[in-house]
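Residues per chain are reported as follows:
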Amino acid sequence: MHHGVVTREELLDMGLTGDTIDHALGTSVFDRAFAGVYRIRWVPDTWRGRALAAVRRVERQQRRREPPGQSPPLVALAGTGAAHLHGLPGHDRPGPITVVTARRCRSRTVAVERRSALTAGDVVLVDRIPVTSLAWTTVETAGRVDDVGRGDVLAGLVIAGRLHVAELAEVADRAVGVPKRPRVLTALRAGAPRHRSRTERRVIEACGSAGLPTPEVNVVVRTVSGRSYEIDLLWRWANFAVEVDGFHHLEPGQRRRDRERDHDLGDGGIRVLRIPVQDVDEDIDDDVARIGRRLHAGLDGTPTPSARRNLQETRR
């Protein structure tokens with residue numbers, strides 16, 4: 001009896017008879033939350049208890065419509081309620097109680113939405129309440145906010161190491177029915193080569209409009225350590241590079257590799273500025289201003305001796 005919630009079937013499994021249950025409902029033992037779902041009267045009435053009762057109500061509806069022997073129905077708390085239980089930023093307070101299920105279900109007492117792509121792996125227990133997984137909940141939450149908020153939600157979880165970009169992309173790819181799912185996919189795929197190339201072109205065009213020199217694109221350089229790196233945008237004469245980073249660069253492991261790479265390039269005389277793709281989408285003028293300031297520091301046009309000695313171009 002979690003959160004003081006119990007179903008009629010659970011009570012029957014405990015050995016209580018139907019008459020005993022009905023008598024308890026008529027006294028001071030149980031309150032009826034929904035048909036066949038009860039709340040123990042002396043247990044405090046909480047949001048968590050109401051959320052679990054709603055899930056149990058939909059589960060009972062699903063079971064009654066299925067032939068015996070069927071696998072348990074996939075039913076879970078979703079949306080802002082699930083985001084609250086997962087502790088997602090901006091969801092400190094409980095949200096509306098919405099239940100999702102993989103099969104069609106109509107209810108006059110519970111807000112129910114169908115998610116046909118929901119699988120057993122998309123449902124987890126949080127505080128003993130079935131909820132959509134962190135990845136699924138994140139996709140739903142990110143789909144309901146604006147572009148800036150969407151980037152903040154996704155980036156925050158990736159940086160914290162709670163989710164990987166590949167995991168989020170897999171769920172977003174199949175989460176049919178989730179509002180604005182395509183926008184979440186676009187944000188997650190910001191690091192893909194095709195999207196990255198389009199963003200690089202935007203940066204180059206914006207630099208040209210601001211009167212800045214045109215960089216070399218996708219240049220491979222070799223450093224004194226013997227390692228080779230492909231650089232997105234390179235102003236060789238200023239020993240300056242720009243890397244346009246997709247969401248996968250926010251993952252802790254990738255961030256560590258990026259720091260090592262930038263340090264190695266720095267030893268070879270090249271300063272690196274990293275610009276997240278979402279920054280280009282939100283304020284490209286600010287990015288161009290930052291690039292301009294870095295370029296003006298190397299306007300003498302003379303590569304340093306270390307850069308001449310340590311960097312060798314090997315075009316693809």
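The structure reproduced in this document is the subject of the present report. Numbers given for residues are sequential positions, taken from 1 along each chain in its written order. Local features in this predicted model are restricted to residues whose pLDDT is 70 or higher, and side-chain atom pairs enter the listing and the counts only when it is 80 or higher, whereas totals over whole chains, interfaces and linings include all residues. In computing side-chain values, all of the structure's heavy atoms are included and hydrogens and water are not.

**A closer look at the overall build of the protein chain**
Okay, step 1: Helix and strand counts for the protein chain come out as 13 helices and 13 strands.
Okay, step 2: By sequence separation, contacts in the protein chain at least 24 residues apart represent 60% of the contacts at least 6 residues apart. Strands here mean DSSP runs of E at least two residues long; helices mean DSSP runs of H or I at least four residues long; both are numbered from the N terminus. Here, two residues are considered to be in contact whenever any of their heavy atoms come within 4.5 Å of each other.

**Observations regarding the side chain of Arg56**
Okay, step 1: By the element assignment, Arg56 lies in helix α3 (residues 47–65).
Okay, step 2: The class for Arg56 is buried, based on a relative accessible area of 16%.
Okay, step 3: Once you skip the residues sitting within four places of it in the chain, Arg56 turns out to touch Val5, Thr7, Glu10, Val37 and Pro130. Burial here depends on accessible area, computed with a 1.4 Å probe over protein chains only, as a share of the maximum for the residue type. Under 20% is buried, over 50% is exposed, and the range in between is partly exposed.

**Some details on the nonpolar core**
Okay, step 1: Throughout this description, the term nonpolar core refers to a set of buried Ala, Val, Leu, Ile, Met, Phe, Trp, Tyr and Cys residues connected via side-chain atoms within 4.5 Å. Counting residues in each nonpolar core, the largest one holds 31 residues, and the members touching the most others are Trp136, Val139, Leu154, Leu168, Leu188 and Phe247.
Okay, step 2: Apart from residues no more than four positions distant in its own chain, Leu168 is found in contact with Ala135, Thr138, Val139, Leu154, Val158, Leu163 and Leu188.
Okay, step 3: Core analysis: the second largest hydrophobic core is formed by 20 residues, Leu52, Ala53, Val58 and Leu85 among them.

**Considering the sheet that holds strand β1 (residues 5–7)**
Okay, step 1: At least two bridges found by DSSP between two strands is the condition for calling them paired. Strand order in the open sheet formed by 3 strands is β1-β3-β2, with antiparallel pairing between adjacent strands. Where the open sheet ends on each side, the last strands, each with one partner, are β1 and β2 (30–34). Across this sheet, the average inter-strand angle for adjacent strands is 40°, counted without regard to direction.
Okay, step 2: Pairing of β2 with strand β3 (residues 37–40) involves 4 bridges; the strand directions are antiparallel. Axis angles are defined between N-to-C directions and span 0 to 180 degrees, where every axis is a line fitted to C-alpha atoms and, for a helix, only to the segment in contact.

**Concerning the pairing of strand β10 (residues 228–235)**
Okay, step 1: Burial within β10 is extensive, with 6 of its 8 residues counted as buried.
Okay, step 2: By the bridge criterion, 6 bridges tie strand β9 (residues 216–222) to β10 in an arrangement that is antiparallel. Across the sheet, Glu216 pairs through a bridge with Leu234, a residue of β10.
Okay, step 3: Linking two consecutive strands that pair antiparallel, namely β9 and β10, is a turn of 5 residues; a positive phi of about 90° is found at Gly226 within it.
Okay, step 4: Where β10 lies against strand β11 (residues 240–245), 3 bridges are found, and the strand directions are antiparallel. Bridging across to β11, Leu234 finds its partner in Ala241.

**Some details on the pairing of strand β12 (residues 271–276)**
Okay, step 1: Here β11 pairs with β12 via 6 bridges, running parallel. Within β12, the position partnered with Ala241 by the bridge is Val272.
Okay, step 2: A right-handed crossover is one whose linking path, passing over the helix from the first strand to the second, runs clockwise when the strands point away from the viewer. In terms of handedness, the path from β11 via helix α10 (residues 252–267) over to β12 forms a crossover that is right-handed.

**A closer look at the environment of Val75**
Okay, step 1: With respect to the helices and strands, the residue Val75 is situated in strand β4 (residues 75–78).
Okay, step 2: Taking C-alpha positions, Val75 is 9.9 Å from Thr119, a pair spaced 44 residues apart along the chain.
Okay, step 3: Not counting the four nearest positions on each side in its chain, Val75 is found in contact with Val55, Val58, Glu59, Gln62, Val99, Val100, Thr101, Val123 and Pro130.

**Observations concerning a positive patch on the surface**
Okay, step 1: A cluster of basic residues, Arg64, Arg65, Arg104, Arg106 and Arg114, forms a positive patch on the protein surface.
Okay, step 2: Within the fold, Arg65 resides in helix α3. Here a patch means residues that are over 30% exposed by relative accessible area and free of salt bridges, tied together within 9 Å if like-charged and within 5 Å if nonpolar (Val, Leu, Ile, Met, Phe, Trp, Tyr). Areas reported as accessible are Shrake-Rupley estimates using a 1.4 Å probe. Residue values count occlusion only from the protein chains shown. Definition used for salt bridges: Asp or Glu carboxyl oxygen within 4 Å of a side-chain nitrogen of Lys or Arg. Charge assignment in this entry is limited to Lys and Arg as positive and Asp and Glu as negative, and neither His nor the chain termini are counted. We put the charge of a Lys on NZ, of an Arg on CZ, of an Asp on CG and of a Glu on CD.

**Describing the packing of aromatic side chains**
Okay, step 1: Only rings of Phe, Tyr and Trp enter the pairing, Trp through its six-membered ring, and a pair is recorded when the two centres are within 6.5 Å. The plane angle decides the type: under 30 degrees is stacked, over 60 is edge-to-face, the rest tilted. Taken as a whole and assessed by the stated rule, the structure comprises 2 aromatic pairs.
Okay, step 2: Ring geometry for Phe30 against Tyr38: centres 6.0 Å apart, planes inclined by 20°, an arrangement best described as stacked.
Okay, step 3: By relative accessible area, which is 5% here, Phe30 ends up buried.

**Notes on the environment of Trp235**
Okay, step 1: By the secondary structure assignment, Trp235 is in strand β10.
Okay, step 2: By relative accessible area, Trp235 is classed as buried at 0%.

**Digging into helix α2 (residues 18–26)**
Okay, step 1: Taken residue by residue, α2 has Ile21, Ala24 and Leu25 as its buried positions. End-on, the buried residues of α2 take up no more than an arc of 100°, which puts them together on one face. Away from its buried face, by an angle of more than 90 degrees, α2 presents the exposed residues Asp19, His23 and Gly26. In this context, the arc is that of the directions from the helix axis out to the C-beta atoms.

**Concerning α3**
Okay, step 1: The terminal C-alpha atoms of α3 lie 28 Å apart, and with 19 residues this matches the ideal 27 Å at 1.5 Å per residue to within 8%.
Okay, step 2: In terms of burial, α3 is largely enclosed, as 14 of its 19 residues are buried. Helix span is expected to be 1.5 Å times the residue number reduced by one.

**Here we look at the environment of Ala83**
Okay, step 1: For Ala83, the position within the fold is in helix α4 (residues 79–86).
Okay, step 2: Residue classification places Ala83 among the buried positions, given a relative accessible area of 0%.
Okay, step 3: With 50 residues separating them along the chain, Ala83 and Ser133 place their C-alpha atoms 9.5 Å apart.
Okay, step 4: Other than its neighbours up to four places away in sequence, Ala83 contacts Leu88, His91, Thr137 and Thr141.

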